[in-house]
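Residue strings, one per chain:
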Amino acid sequence: MTIATQLPIISIKEASVPLNNVPGFSIGRHEEMGKAFLPTAHKHDFYLIFVVDEGSGVHSIDFQRHAVRNRTVFFLAPGQAHQWKLHESTSGFQVMFTADYLPTLPARLPFFISSSKPYLTLSNTEFMVLKEELTIIKDEFDNQDLFVNEVIRQRLHIVLTLLHRWYAKSDPLVFSESSNRIISRFFNLLEKHIQEDTSVAFYAKRLHVTANYLNIISRKEVGFSAGDCIRRRLLLEAKRLLALTQKDVKEISYDLGFQDAAYFSRFFKKHTGYTPKEFRAQL
């Protein structure tokens, strides 16, 4: 991959021009609006739900490759890096919406957290329910009838809630009410502050718990201590900066709070098996 000076973040208007009556939202059939091959990793400033009806290929999200199969739903939050190589016959829906369109719900959904599994394979019954809901939303979007924005917003809320239900059933560890709320808030804070502070105490203070309790809850809910989650998120941010910018390793190390570029390189190689330069070269 050729590294640009700074890969632009694609806006929802660039990805698919929304109609004026539904600002911040767009929906369409993938085979009509999508590309089968996105060779260069890029980021969005909106949420994307890619629903595969039928198809195959590979979808890379934050540098992890995922097989594209029938009845699979992929989730991307703003800022995540992705690219894909799909069979030309791949069909389905692309649903896009900004954070302002549904201000509170997406932040509470586990599949929009970068450390979570970013896809869900549905049963035949579940997929038919989802497909029917999305078809109704697309019809509303295309027809632009009275109160279209209100109808779409309510129906999108239902779709996301159904996906949350199915996602939770597919992985029981996802759903454990009180402690899960803390972990969700922890990961949301990580997204906002990873370049600002990498100490467990920083996040525990904002969650009104002790650092030790946050580590315990994190191990219980996601299988890693809070410190491990911070390190994993820091590595992801490093990969994004290496892949999506032309900043040199020294600049990136300082951006991520490392005072010594050599230490950052050792840290990166210890956890990835590559030096930062080797990682960038093989993209």
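The structure reproduced in this document is the subject of the present report. (Residues numbered from 1 in each chain as written. Predicted model: local features only at pLDDT ≥ 70, side-chain atom pairs only at ≥ 80, totals over all residues. Heavy atoms only, no water.)

A few words now on the sheet that holds strand β10 (residues 119-121). Taken in spatial order, the 5 strands line up as β2-β9-β4-β7-β10 in an open sheet, and their pairing is antiparallel. Lying at the two open borders of the sheet, with one neighbouring strand each, are β2 (25-29) and β10. Averaged over all adjacent pairs, the angle separating strand axes in this sheet is 10 degrees, with direction ignored. On the sheet, helix α4 (residues 148-170) packs against β2, β4 (47-54), β7 (72-76), β9 (91-97) and β10 and is oriented at approximately 75 degrees with respect to β10. (Pairing = 2+ DSSP bridges. Helix = DSSP H or I, 4+ residues; strand = E, 2+ residues; numbered from the N terminus. Axes fitted to C-alpha atoms, helices over the stretch in contact; angles between N-to-C directions. Contact = heavy atoms within 4.5 Å.)

All right, on to the pairing of strand β6 (residues 64-68) then. In the case of a regular strand, side chains alternate between the two sheet surfaces. As defined by bridge partners, strand β5 (residues 57-61) adjoins β6 across 5 bridges and the pair is classed as antiparallel. What sits directly across from Ser 60, in β6, is Arg 65. Counting the residues between successive antiparallel strands, the hairpin from β5 to β6 contains 2 residues, one of them, Asp 62, with a positive phi of roughly 50 degrees.

It is worth spelling out the packing of helix α6 (residues 200-207) against helix α7 (residues 211-222) at this point. Orientation of α6 relative to α7, taken along the N-to-C sense of each, is 90 degrees, at an axis distance of 8 Å. Our classification of the angle between α6 and α7 gives roughly perpendicular. Judged by residue contacts, Val 200, Ala 201, Tyr 203, Ala 204 and Leu 207 of α6 engage Ala 211, Leu 214 and Asn 215 from α7. Taken together, the residues of the contact of α6 with α7 break down into 7 nonpolar, 1 polar and no charged. (Parallel < 35°, antiparallel > 145°, perpendicular 65-115°, else oblique. Nonpolar A, V, L, I, M, F, W, Y, C, P; charged D, E, K, R; others polar.)

One key point about sheets: their strands pair by backbone hydrogen bonds, in either a parallel or an antiparallel sense. Strand order in this open sheet of 5 strands is β1-β3-β8-β5-β6, and the pairing throughout is mixed. Of all the strands in the sheet, the pair left with one neighbour each is β1 (9-10) and β6. Pairing geometry for β5 and strand β8 (residues 81-86), over 5 bridges, is antiparallel. Following the sheet pairing, Ser 60 is matched in β8 by Gln 83. Packed on one face of the sheet, helix α8 (residues 226-244) meets β3 (37-44), β6 and β8 and runs near 120 degrees to β3.

Looking now at the layout of surface pockets. What the largest pocket holds in volume is close to 860 Å³. Forming the boundary of the largest pocket are 33 residues, of which Ser 114, Ser 115, Ser 116, Lys 117 and Arg 232 lie nearest the centre. When contributions to the lining of the largest pocket are tallied by element, the ones reaching two or more residues are β6, α5 (177-193), α7, α8 and α10 (261-272). Per-class residue counts for the lining of the largest pocket are 15 nonpolar, 10 polar and 8 charged. What the second largest pocket holds in volume is close to 570 Å³. Lining the second largest pocket are 27 residues, and of these Pro 78, Asn 188, Glu 191, Lys 192 and Arg 233 sit closest to its centre. If you list the elements that add at least two residues to the lining of the second largest pocket, you get α5 and α8. The biggest single contributor to the lining of the second largest pocket is α5, with 6 residues. Of the residues in the lining of the second largest pocket, the class split is 11 nonpolar, 8 polar and 8 charged. (1 Å grid on protein atoms, 1.4 Å probe; cavity = no way out; pocket = protein on both sides within 12 Å on 5 of 7 lines; lining within 4 Å. Points joined across faces, edges and corners; volume = space filled by probe spheres on them.)

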